[in-house]
Amino acid sequence: MARVGLILAPGFADWEYAFIAGTASPFYGIDVRFFAATTGQFRSQGGLAVTVDSSLQQCLDWKPDVVVVIGGMIWEHADAPDIRDFLQASRSSGATIAGICGGTLALARAGLLDTVPHTSNSADFIQQNAVGYEGATLYRSSQVAVVADRIITAPGPAPVSFTCAVFEAAGLSSESVSQFRSLLAAEHISVSRAEELSGSNLTTESPRGGS
């Protein structure tokens, strides 16, 4: 069974891990577990109280196929968890490393974005918040996840493509990933089509009134 370790920190973004945690195990048989640099109880950005009792060392010992750093505003601050050694050790052990939104800053600080194409919330976001980052020339302005050499990065508004990339790295079949992506895209396609039809009706409708 494939293993995915989700790394949470105080103030983690509620929407960025939800698709992974909510679907990986019950629908796709992927073992998902939560870990934190400082274990105990803390709250999400939305105020959800969680208790994470597994440490980063336990994550290393568990040997996940994918390590996922979930974003949150704490990663922009000086008191952000220092997980550089953990990320480097995880990559050395063969794990794919993924970061979304503020989580990309943790990857940048660990030097993991210096040699591979990657994305984040913006180029300035990384340069201003990740001391030692040297991958500016490889930054890609992208609205969806970018995957390169077992490194996955994504901006905060892209949890679906990010989840798909994580699932692919965990070994989920391309057919299952495609079905998952289509399922979550369906409502947006429907809305877009409805807006298109609405706009078409507005432009073709005969004007009322007049002489």
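The rules behind these values
- Residues numbered from 1 in each chain as written.
- Predicted model: local features only at pLDDT ≥ 70, side-chain atom pairs only at ≥ 80, totals over all residues.
- Heavy atoms only, no water.
- Helix = DSSP H or I, 4+ residues; strand = E, 2+ residues; numbered from the N terminus.
- Buried < 20%, exposed > 50% of the residue type's maximum accessible area, 1.4 Å probe, protein only.
- Contact = heavy atoms within 4.5 Å.
- Pairing = 2+ DSSP bridges.
- Axes fitted to C-alpha atoms, helices over the stretch in contact; angles between N-to-C directions.
- Core = buried A, V, L, I, M, F, W, Y, C linked by side-chain atoms within 4.5 Å.
- Arc of directions from axis to C-beta.
- Salt bridge = Lys/Arg side-chain N within 4 Å of Asp/Glu carboxyl O.

**Q** Sorry, what's going on with the environment of F12 here?
**A** The topology assignment puts F12 in the loop between β1 (3-8) and α1 (14-28). Residue F12 is classed as buried on the basis of its relative accessible area of 1%. The spatial distance from the C-alpha of F12 to the C-alpha of L48 is 9.6 Å, given a sequence separation of 36 residues. If near-sequence neighbours (up to four positions away) are discounted, F12 is found in contact with Y17, F42, R43, S44, Q45, V50, I70, G71 and G72.

**Q** It is not clear to me how the sheet that holds strand β6 (residues 96-100) should be interpreted in this structure. Could you clarify?
**A** What holds strands together in a sheet is hydrogen bonding between their backbones, with the strands either parallel or antiparallel. Taken together, the 6 strands give an open sheet; going across it, the order is β2-β1-β5-β6-β8-β7, and neighbouring strands pair in mixed fashion. For this open sheet the edge positions go to β2 (31-36) and β7 (146-148), each flanked by a neighbour on one side alone. Pairs of neighbouring strands in the sheet enclose a mean axial angle of 20 degrees, with direction left out of account. Sheet analysis places β6 next to strand β8 (residues 151-154), joined by 4 bridges and oriented parallel.

**Q** How do you make sense of the nonpolar core when you look at a structure like this?
**A** Core analysis: the largest hydrophobic core is formed by 33 residues, its most contacted members being V4, I20, V68, F162 and V166. The element contributing the most residues to this core is helix α6 (residues 159-169), with 5 residues. For F162, the residues in contact, after removing those within four places along its chain, are E16, I20, V68, A98, G99, I100, A145, I152 and A154. In this structure, F35, I97, L112 and V116 belong to the second largest nonpolar core, which totals 31 residues.

**Q** How do you make sense of helix α3 (residues 84-92) when you look at a structure like this?
**A** Structurally, the α-helix is built with 3.6 residues per turn, so residues lying three or four positions apart point the same way. Turning to α3, its buried residues are F86, L87, S90 and R91. End-on view of α3: buried residues confined to an arc of 130 degrees, all on one side of the axis. Exposed side of α3, more than 90 degrees from the buried face: D85 and S92 are the residues found there. Following α3 by one or two positions, G94 adopts a phi angle in the positive range, close to 110 degrees.

**Q** Is there a simple way to think about the pattern of salt bridges in this case?
**A** Pairing between side chains of opposite charge can happen when the charged atoms of each approach one another. Scanning the entire structure with this criterion turns up 4 salt bridges. In this structure, D31 engages R33 in a salt bridge whose closest nitrogen and oxygen atoms are separated by 3.2 Å. Its relative accessible area of 39% is what places R33 among the partly exposed residues. Taking the shortest distance from any N to any O, the salt bridge between D149 and R91 comes out at 3.0 Å. Of this pair, D149 sits in the loop between β7 and β8 while R91 sits in helix α3, and the two are 58 residues apart along the sequence. The exposed category is assigned to D149, whose relative accessible area is 53%. According to the relative accessible area criterion, R91 is buried, its value standing at 17%.

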